Amino acid sequence: DYPWCTELYETPYLFWANYDVDFEDVPDVISANFLSVYLLKFAGMELTPYYQFLYDLSKQYPVVSKSAIIDSDGKQYEYDKKSSCYDDLHKYELIQYSILQ
């Protein structure tokens, strides 16, 4: 489905629980930076504003990495100011920078 996606860039992951959890919420292809959000959701934890932002962003762009940006429809983007995803991802970039301060 994604020609850029080779074994070099893919890592299988597994969520496991010893109680009923609906894993249907997790996109088929997802960046590692969003896995923690789903783990918190499956554990029934209340999401902080930062994690809620990540969850919402993951629904719109499940893949956000240095090598690829892919939206929920499978469309791939470049990260530049002309791209329609720029505003959302730039906000993510600023939030990350703020957290690291």
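Preceding block: the structure.
Residues numbered from 1 in each chain as written. Predicted model: local features only at pLDDT ≥ 70, side-chain atom pairs only at ≥ 80, totals over all residues. Heavy atoms only, no water.

**A short note on the packing of helix 1 (residues 35-42) against helix 2 (residues 49-60)**
Geometrically, a packed helix pair is captured by the angle between its two axes and the distance between the axes. Closest axis-to-axis distance for the helix 1/helix 2 pair is 9 Å, and the angle between their directions is 110°. With respect to helix 2, the axis of helix 1 lies roughly perpendicular. For helix 1 against helix 2, the interelement crossing comes out left-handed. Here S36, V37, Y38, L40 and K41 of helix 1 lie close against helix 2, whose contacting residues are Y51, L54, Y55, S58 and K59. Grouping the amino acids of the contact of helix 1 with helix 2 by side-chain chemistry returns 6 nonpolar, 2 polar and 2 charged. (Axes fitted to C-alpha atoms, helices over the stretch in contact; angles between N-to-C directions. Helix = DSSP H or I, 4+ residues; strand = E, 2+ residues; numbered from the N terminus. Parallel < 35°, antiparallel > 145°, perpendicular 65-115°, else oblique. Left-handed = near helix turned anticlockwise from the far one by under 90°. Contact = heavy atoms within 4.5 Å. Nonpolar A, V, L, I, M, F, W, Y, C, P; charged D, E, K, R; others polar.)

**Thoughts on the environment of A43**
In this fold, A43 is placed in the loop between helix 1 and helix 2. Considered as a pair, A43 and D88 are 45 residues apart in the sequence and their alpha carbons are 27 Å apart.

**Side note on the nonpolar core**
In this structure, F34, Y38, L57, Y61 and L89 are the most contacted members of the largest nonpolar core, which totals 20 residues. Elements represented by at least two residues in this core include exactly helix 1, helix 2 and helix 3 (86-100). Counting residues per element, this core draws most heavily on helix 2, which supplies 4 residues. (Core = buried A, V, L, I, M, F, W, Y, C linked by side-chain atoms within 4.5 Å. Buried < 20%, exposed > 50% of the residue type's maximum accessible area, 1.4 Å probe, protein only.)

**Thoughts on helix 2**
In this model, helix 2 (12 residues) spans 17 Å end to end at C-alpha, consistent with the 16 Å of a helix rising 1.5 Å per residue. Turning to helix 2, its buried residues are F53, L54, Y55, L57 and S58. On its buried face, helix 2 sits against helix 1 and helix 3. (Expected span 1.5 Å × (residues − 1).)

**Section: the pattern of salt bridges**
For the structure on display, the rule yields 1 salt bridge. Residue D25 is joined to K59 by a salt bridge in which the shortest nitrogen-to-oxygen separation is 2.5 Å. Of this pair, D25 sits in the segment before helix 1 while K59 sits in helix 2; the two residues are 34 residues apart in sequence, bridging distant segments of the chain. A residue is classified by how much of its surface remains accessible, and D25, at 24% relative accessible area, is partly exposed. (Salt bridge = Lys/Arg side-chain N within 4 Å of Asp/Glu carboxyl O.)

**Here we look at the side chain of S83**
Here S83 lies in the loop between strand 3 (76-77) and helix 3. The class of S83 is buried, set by a relative accessible area of 14%. A polar atom in the side chain of S83 sits 3.2 Å from the backbone oxygen of E78. For S83, the residues in contact, after removing those within four places along its chain, are Y77 and E78. (Polar contact = N/O pair within 3.5 Å; in protein donor to acceptor, adjacent residues only side chain to side chain.)

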